Structure formats: C-alpha cells, structure tokens
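Breakdown of the fold
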Amino acid sequence: MRATLLYQAGDVRVEDVPDPKIQQPTDSVIRIVIGCVCGSDLWPYKSAPFTDHPRQMGHEFIGVVEETGPDVHNVKPGDLVVAPFTYADNTCEYCRMGLHTSCRHGGQWGLNGVDGGQGEACRVPYADGTLVKLPVTEDSPLLPDLLTLSDVMCTGYHAARTAGVKPGESVTVIGDGAVGLCAVIAARLLGAGRIILMGRHAPRTDLGREFGATDVVAQRGQDGVAAVRELTGGFGTERVLECVGLKDALVQSAAVVRDGGTISRVGAPQYPEVPFGFPEFLRNITLTGGVAPARGYMEELMPRILSGEIHPGRVFDRTVPLGQVAEGYRLMNDREALKVIVRP
Ligand SMILES: [Zn+2]
Ligand SMILES: [Zn+2]
C-alpha cells in the first residue's frame, strides 16, 4: 500500500510500504477513506533531522473495516469507523476514568510497527477499544465533521472541559487554528456567555464568530491583553483556553485570565519551562489541560454532529489526493490552508 513518510523537515513522500496484516487477535485492518494533516504534524515537518527510517505520518482518520482478529467483537468487516489520535484498549484503569491517552496498552500511530493515518490502510491495535462505529455511509457529507472527532474537536472540547467552563461564564480562546476554532464550539456547547477569540487571521476568526465567538481580538501582546481587559470591565475572563502551544501564548493566557480563574492548555507545548510563578500564585490562577483523551469524548460529541448542532468540519478548507500530500503539508505550513483533508 501507499503511505505518507516524513524523511526530514520539509521532505514528505508517498511511498510503498508493506500491506498491513492482522498481527494480534485484537487487531483490525481498515481501508482508510479520509484522513487529514494535523497542526502537530507541522512540528516535525518544520524541524525533523534526516532519517533512513522515516515514520509513517497521520493520526486522524476514518476507514472501513476489512478484516478483524478473532478477539474483535465490537466492529466487523464493512463497518465505517473513526479512530482517535492514539489507540487504546478502552478497558484499563486509565481508560475507565476517561484518560485514554494514558492507556496501559495504548500508543501512537506510525510508531512501533503500527501504521499511520495518511495512507491507504492501517492496522489498528485494540480495535474494540480504539474504533468507534459511525452510523453513516462512506459517501456521507458529514465525514469531514466526523473526522474532527479523531482530534481537533475532542481537543477543543478537552480544553473547555478541563478549564471547567460553566453556563454564563466568560472565556478567552487563544489561537485561531483548527483546535482554537473547535474550542470556541466547545465553549459554546458548555454554555459560555461571552467567548473572546484571539487570532489574527480574519477568514479564521470570521469562522470563529460563526462557531459562537462573541468578540474577536486581533491584537497581540500588551495591546491584545488591554483589549480583552477592556471587554471584561478590567477583570479578564474566568476561563482561558490556550490552543497554540507557544510560550508567548501561555504568558498571554495569564495576562487575560481573571484572578481565581483557570487556564487550560491543549496546544502541544513547544517550550520546556512553564512561566508560572509568584505573580500567578498571588492571583490564585489554576493551570490545567494536557493532551486530549479524544477516545473518551467521541460518543458524547458524535450525536451533536449527527443532529447538525455543531459543524466542526468547516475547519477543513482544502482537500488533496494522497499523492499530493506534500502539497497539503506545504499549504498548512505556509498558512495558505487552515486544515487539509487527505483522500487516499
Ligand atoms: Zn492531530
Ligand atoms: Zn486502556
């Protein structure tokens, strides 16, 4: 089969790799119908050193089950399924508490002999726990919306949930990427009264308004902080959802959160030290968040997509065939596209 391989920064290729086969009784093999490029794929795309053993890329995908091992009972050949961005058994102590990213048997796509999601097919470990069956057909127009359950919609939701957004509260969302826009949807789902979206790209913040942002602040740094404070009577917002992953965004979060408030960071941190010291201590600010256990939220969010209540698939603004996946990476890296669908 063909799959996407990252050789080094800026060097993404589609090449033949061995066809996936059932290796464990709990495995399934799926034919991938739709996948996409993630903002987190861009970190290695920007910086990875050359390797002779390139990793299969991609961790967000929907596919059709082709084959199952003898211990797989929840999905069967022909089922259309969505996978979260890490696989998990959905039965261990961590999974039972909704922390599937810490699953004792879980792991990442594209590592340790497991395929990635930007390819033609994939071996899925712990298929019963990992995969969620979709009640639509593979030509459904809802596929892009349902694909966001793999990562960005669940990650945005994780930000709002861990921040503890409650009805009527004020929320600042930092970042107008796909996760930030999904965090706007999530804040609205949880009943936030005021949602201030901080972002500089008008087409993206316009979409954020349609998703539920009540205000947009395009300024950064001190000007941006002043604008949020002005909108909130000088206080800042009760919750801040940090969806970027850079140190500046966390500093900005602390500057726009109200005393006693909560910052949840779901952008993968690209900095080793957290600037969270005595001043934040004096203001009783809580810092929470982390990697999103997407699998734990999929069943909860899927009905809201199927009913048409939320439409997170609107974050996809380009589609490329698998053979042009390198162009998909370039488009996202150069900010010419917000999020790119890959069709095998
Ligand atoms: Zn992702
Ligand atoms: Zn588990």
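Residues numbered from 1 in each chain as written. Chains lettered and ligands numbered in written order. Predicted model: local features only at pLDDT ≥ 70, side-chain atom pairs only at ≥ 80, totals over all residues.

**Points about the overall build of the chain**
Using the following cut-off: Segments assigned H or I by DSSP are reported as helices when at least four residues long, segments assigned E as strands when at least two residues long, and all are numbered from the N terminus. Labels follow a simple rule on C-beta atoms placed from the backbone: if 20 or more others lie within 10 Å of a residue's own, it is buried; if 12 or fewer, it is exposed; otherwise it is partly exposed.
When helices and strands are tallied, the chain shows 12 helices and 18 strands. Once the C-alpha set of the chain is aligned to its principal axes, its extents read approximately 60 × 40 × 40 Å. Expressed as a percentage of the 344 residues in the chain, the buried residues total 52%.

**Some details on the sheet that holds strand S13 (residues 215–217)**
Note the cut-off: If DSSP finds at least two bridges between two strands, the strands pair. Convention adopted: a line fitted to C-alpha atoms gives each axis, helices being fitted over their contacting stretch, and angles between N-to-C directions are expressed from 0 to 180 degrees.
On the basis of which strands lie adjacent, the open sheet formed by six strands has the order S13-S12-S11-S14-S15-S16 and parallel pairing. Either end of the sheet is taken by a strand with one partner, and the two such strands are S13 and strand S16 (286–289). The mean inter-strand angle of the sheet, taken between neighbouring strand axes irrespective of direction, is 20°. In terms of strand pairing, strand S11 (residues 170–174) meets strand S14 (residues 237–242) through four bridges, oriented parallel. Residue Ile 174 lies in a different strand from S14, and its bridge partner there is Glu 242.

**Section: the domain arrangement of the chain**
You'll often see interface size given as the accessible area lost when the parts meet. Worth spelling out the cut-off: Where each domain starts and ends comes from a domain assignment, either automatic or drawn from a database. Think of it this way: build a C-beta for each residue from its backbone, and any pair within 7 Å is a contact. When residues are sorted by character, Ala, Val, Leu, Ile, Met, Phe, Trp, Tyr, Cys and Pro go into the nonpolar class, Asp, Glu, Lys and Arg into the charged class, and all the rest, Gly among them, into the polar class.
According to the domain assignment, the chain contains domain 1 (2–151 + 294–343) and domain 2 (154–289). Distance from the C-alpha centre of domain 1 to the C-alpha centre of domain 2: 27 Å. Contact residues are listed per partner, giving 17 residues for domain 1 and 15 residues for domain 2. With three residues, the top contributor of residues to the side of domain 1 that touches domain 2 is helix H11 (residues 298–306). When the residues that make up the side of domain 1 that touches domain 2 are grouped by side-chain class, the tally is 10 nonpolar, three polar and four charged.

**Considerations on the sheet that holds strand S4 (residues 55–56)**
Read from one edge of the open sheet, three strands run S2-S1-S4, paired in antiparallel fashion. Edge positions in the open sheet fall to strand S2 (11–16) and S4, since each of these has one partner strand only. For strand S1 (residues 2–8) and S2, the ladder comprises six bridges, and the chain directions are antiparallel. Looking at S2, one finds that Gln 8 is bridged to Asp 11.

**A short note on the pairing of strand S17 (residues 318–321)**
Threshold: We call a crossover right-handed when, viewed with the strands running away from us, the connection from the first strand over the helix to the second turns clockwise.
When S17 meets strand S18 (residues 340–343), the two strands line up parallel, connected through four bridges. Among the inter-strand pairings, Arg 318 is bridged to a residue of S18, identified as Val 340. Regarding topology, helix H12 (residues 325–333) serves as the crossover connection from S17 to the parallel S18, and that connection is right-handed.

**As for the pairing of S14**
Within S14, six of the six residues are buried, leaving the element largely enclosed by the surrounding structure. Direction of pairing for S14 relative to strand S15 (residues 257–265): parallel, over a ladder of five bridges. In the strand pairing of S15, Glu 242 is matched with Arg 265. In this view, the connection linking S14 to its parallel neighbour S15 by way of helix H9 (residues 247–256) has right-handed handedness.

**Regarding H12**
So the rule is basically this: As used here, the arc is the angular range of directions from the helix axis to the C-beta atoms.
Every buried residue of H12 is accounted for by Val 325, Gly 328, Tyr 329 and Met 332. All buried residues of H12 fall inside an arc of 100° around its axis, so they share one side. Where H12 is buried, its residues touch S1, S2, helix H1 (42–47), S17 and S18. Arg 335 sits one or two residues past H12 and shows a positive phi near 60°.

**So, unusual backbone geometry**
Residue Asn 284 is not a glycine yet carries a positive backbone phi of 55°. When the 10 C-beta atoms within 10 Å are taken as the criterion, Asn 284 is described as exposed. Unusually for a residue other than glycine, Arg 335 sits at a positive phi of about 60°. You can see Arg 335 is positioned in the loop between H12 and S18. Judged by C-beta crowding, with 10 C-beta atoms within 10 Å, Arg 335 ranks as exposed.

**Description of helix H5 (residues 152–163)**
Definition in use: Here a helix's expected span is defined as the number of its residues, less one, multiplied by 1.5 Å.
In a regular helix each residue adds 1.5 Å, so 12 residues correspond to 16 Å; H5 covers 17 Å between its end C-alpha atoms and thus fits that length. Regarding H5, the residues found buried are Val 152, Met 153, Cys 154, Thr 155, Gly 156, Tyr 157, His 158, Ala 159, Ala 160, Arg 161, Thr 162 and Ala 163. Buried-residue contacts for H5 involve helix H6 (178–189), S14, S15, S16 and H11. Note on H5: the residue one or two positions beyond its end, Gly 164, has a positive phi of about 80°.

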